[in-house]
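# Topology and contacts: notes
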Amino acid sequence: MKAYCELFNLTKTYPSPNGPAVIVKDFNLRLAEGEFVTLIGHSGCGKSTVLSMVAGLNSITDGGIILAGRELAGPGPDRGMVFQSPSLLPWMTAYENVMIGINQVFFTASKQERHQIAEYYLSVVGLADAMEKRPLELSQGMRQWVGIARAFALKPKMLLLDEPFGMLDSLTRYELQGVLLELWRKNRITALMVTHDVDEALYLSDRVVCMTDGPEAEVGDIIHVNFPRPRNRKEVMEHPDYYPLRERLIEFLEVHAHRRRPKHAAA
Amino acid sequence: MRDSTVPTAISASAVAVTPTPAKLPSSNRVAFAKFDWLLLPLVGIAAVVGLWFALSATLSKDLPNPIKTWEASKPYILEPLAKRGELDQGILRFTWLSLILVAKGYLMALVVGTPLGFVLGLSKTMTKALDPIIQVLRPVSPLAWLPLGMVLFLGAGRQASELAALFTIAICAMWPTVLTTAVGVRAIPQDYLNVAKVLKLSRWNTLTKVMIPATLPYMFTGFRLSLGIAWLVIVAAEMLTGRPGVGGFLWQQYNALVYEQIILCILTIGVVGFILDRLMSVVERRFKTI
Ligand SMILES: Nc1ncnc2c1ncn2[C@@H]1O[C@H](COP(=O)(O)OP(=O)(O)OP(=O)(O)O)[C@@H](O)[C@H]1O
Ligand SMILES: [Mg+2]
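Rules behind the numbers
- Residues numbered from 1 in each chain as written.
- Chains lettered and ligands numbered in written order.
- Predicted model: local features only at pLDDT ≥ 70, side-chain atom pairs only at ≥ 80, totals over all residues.
- Heavy atoms only, no water.
- Domains from an automatic or database assignment.
- pLDDT = per-residue confidence, 0-100.
- Helix = DSSP H or I, 4+ residues; strand = E, 2+ residues; numbered from the N terminus.
- Contact = heavy atoms within 4.5 Å.
- Buried area = accessible area lost by both parts, 1.4 Å probe.
- Salt bridge = Lys/Arg side-chain N within 4 Å of Asp/Glu carboxyl O.
- Polar contact = N/O pair within 3.5 Å; in protein donor to acceptor, adjacent residues only side chain to side chain.
- Nonpolar A, V, L, I, M, F, W, Y, C, P; charged D, E, K, R; others polar.
- Near = heavy atom within 4 Å.
- Areas by Shrake-Rupley, 256 points an atom, 1.4 Å probe, with all protein chains shown as cover.
- Axes fitted to C-alpha atoms, helices over the stretch in contact; angles between N-to-C directions.
- Parallel < 35°, antiparallel > 145°, perpendicular 65-115°, else oblique.
- Left-handed = near helix turned anticlockwise from the far one by under 90°.

Considered domain by domain, chain B is made up of domain 1 (27–63) and domain 2 (77–288). Here the C-alpha centre of domain 2 of chain B lies 34 Å away from the C-alpha centre of domain 1 of chain B.

Set out below in structure tokens:
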């Protein structure tokens, strides 16, 4: 596999009163271009830590990350972040929240073109009529939609999603998963997503990466999910492989995640 | 940094301006309860005026009683815009002069105080370097600053008294703006700063598009408190410099042994201060909702 994004020996330690606390140790992962990978693991194992290091918002203690042939240093708009809470700027309208990034990234484009990009992505997520609303006037789901539109509108090399649907009710969540999948299919952006939800992981991803428990969390198991695309929730759930894969994931989380694997065994 | 004084000042003024109407549970007092917002303040005013009468009749015979005060104040109130002399003008004219001086000094306080607050909020080093000085200078009374201002601007000749007054107003009124702005900058959610980081916004854009909007609610609380202090200081500044204005008039009348207008001036200062505070809280609330 030709790696588009490679995380090698990624390690994170925080200083603590009783010496340095090693949260993630020798985390290795290679993503192909256009691949959708989810990261699953128990609460507190260090999933967000890994993701924020890729985003450049958290310093890397050891190891490194290569994206499209270049080692990453610090944050940048080439990686679109979608957080659990969408972190929109509350004094800007939905349109302005998308536009601030577009102005920054596509500064060579004409005003008209930039306006069209923002309008296009906001309408794709169904917010054509809510563009001039402020985040406080939007529902939680709509805010998350704006966050997703903002990320896609910048045409990033990579999409980083940290439990983007964690705070939503299941109906909205299903809907948003569908929109996300559709957007991803059209744009083919390499994606790394953190989730707690086994079904979400299977529905969306090409591979599910299971993390062992911290401290010194690393890659425990990698599960390939080969359901045909474009996917439809019903077809995925009726696929003969669905329940065996689901069982394997749950078994990993319940049994193996707690056991440290011998070194080198991790992918 | 001891920010505790700021919330205290807020709650103190909140208590002062919103007297909670007394609850009267008994049902036959419903009619009274309907008008208590009007009746109770009237009762309070009547009590104070009664006390004033009693005081001027007994303990302090030099204090003019309410009737005498009204008689002597009438020309100033009924002809509020008259100008009979430099220190003999209608009360609105005096108020206007005071307000202009306050506006100038207050603007200076904001122009200096807001950036200083930002610097303190952004830099731990600057906080460590400047916080002790601020904490020491903050409690200094305007009466102490004014002579220093006079000395500073001695060379300015006839303008010296105005410059000294402005200096005093600015330096006394600046602190709430400095401190609340610094608190606001420190309270900017990391999420917002991350947006700026991820988008690689320039320093200027980070400041104007993210940090200033996020700090605005705090800044306006500071602006309101600063305006209150600026108005407090004006009186002291006018007294000591002898400038025409509400405070200057008050001091001149006292020195001329004319006591009747002192209460008039006090009431004017209070009412104007109250109106300014109300106006600023309207502005402040507008920025709270973003
Ligand atoms: N700034 C920090 N200083 C010290 N320890 C930290 C810091 N941030 C996170 N940690 C620790 O790192 C570990 C991993 O945190 P992280 O947020 O990555 O977990 P997570 O897998 O995303 O959990 P969740 O699923 O609950 O979001 C936790 O034990 C946490 O206590
Ligand atoms: Mg997390």
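Here the narrative resumes, following the displayed structure.
What follows covers the confidence of the model for chain B. All names here are of chain B. Chain-level statistics for chain B give a pLDDT mean of 84 and a share of 88% at 70 or above. Taken element by element, the predicted model of chain B shows its lowest mean pLDDT in helix 1 (residues 5–17) (41) and its highest in helix 5 (residues 124–137) (94). This model gives residues 1–19 a pLDDT under 50, and the stretch forms 17 contacts once residues within four places in sequence are excluded. Here the complex is predicted with pTM 0.80, and the ipTM for its interfaces comes to 0.84.

It is worth spelling out the domain arrangement of chain A at this point. Residue and element names in this part refer to chain A. Domain annotation for chain A reports domain 1 (1–78 + 158–267) and domain 2 (79–155). In this structure, domain 1 and domain 2 have C-alpha centres spaced 25 Å apart. Counting from both sides, the interface comprises 31 residues of domain 1 and, opposite them, 19 residues of domain 2. Each partner contributes to the roughly 2300 Å² buried at the junction of domain 1 and domain 2, and carbon and sulfur atoms together form 68% of this total. On the domain 1 side of the contact with domain 2, Pro-77, Met-167 and Leu-183 bury the most area, a combined 24% of that side's loss. Counting across the domain 1 and domain 2 interface gives 1 salt bridge. Put simply, Arg-79 and Asp-78 hold a salt bridge, and the shortest N to O gap is 3.1 Å. Linking domain 1 with domain 2 are 13 residue pairs in polar contact (both at pLDDT 80 or more), by the criterion used here. Taken together, the elements giving at least two residues each to the side of domain 1 that touches domain 2 come down to helix 1 (47–55), strand 7 (158–162) and helix 5 (170–187). In terms of residue count, the dominant contributor to the side of domain 1 that touches domain 2 is helix 5 (8 residues). Residues that form the side of domain 1 that touches domain 2 fall into these classes: 21 nonpolar, 6 polar and 4 charged.

Bringing the site of ligand 1 into the picture now. All names here are of chain A. In the vicinity of ligand 1, the contacting residues are Tyr-14, Ile-23, His-42, Ser-43, Gly-44, Cys-45, Gly-46, Lys-47, Ser-48, Thr-49, Glu-163 and His-196. Contacts to ligand 1 include Thr-49, whose side-chain N or O atom sits 2.4 Å from an oxygen atom. Side-chain polar atom of Glu-163 to an oxygen atom of ligand 1: 3.4 Å apart, as the coordinates give it. When ligand 1 is considered free in solution it has 640 Å² of accessible area, and contact with the protein chains removes 57% of it. The leading source of residues in the shell around ligand 1 is helix 1, at 3 residues.

Residues and elements named next belong to chain A. Helix 4 (residues 140–153) packs onto helix 2 (residues 94–105) with a crossing angle of 25° between their chain directions and a minimal axis gap of 9 Å. For the element pair helix 2 / helix 4, the angle class is roughly parallel. Considering only the axes of helix 2 and helix 4, their crossing is right-handed. On helix 4, the residues that touch Ala-94, Asn-97, Val-98 and Ile-102 of helix 2 are Val-146, Arg-150 and Ala-153. Tallied by class, residues from the contact of helix 2 with helix 4 come to 5 nonpolar, 1 polar and 1 charged.

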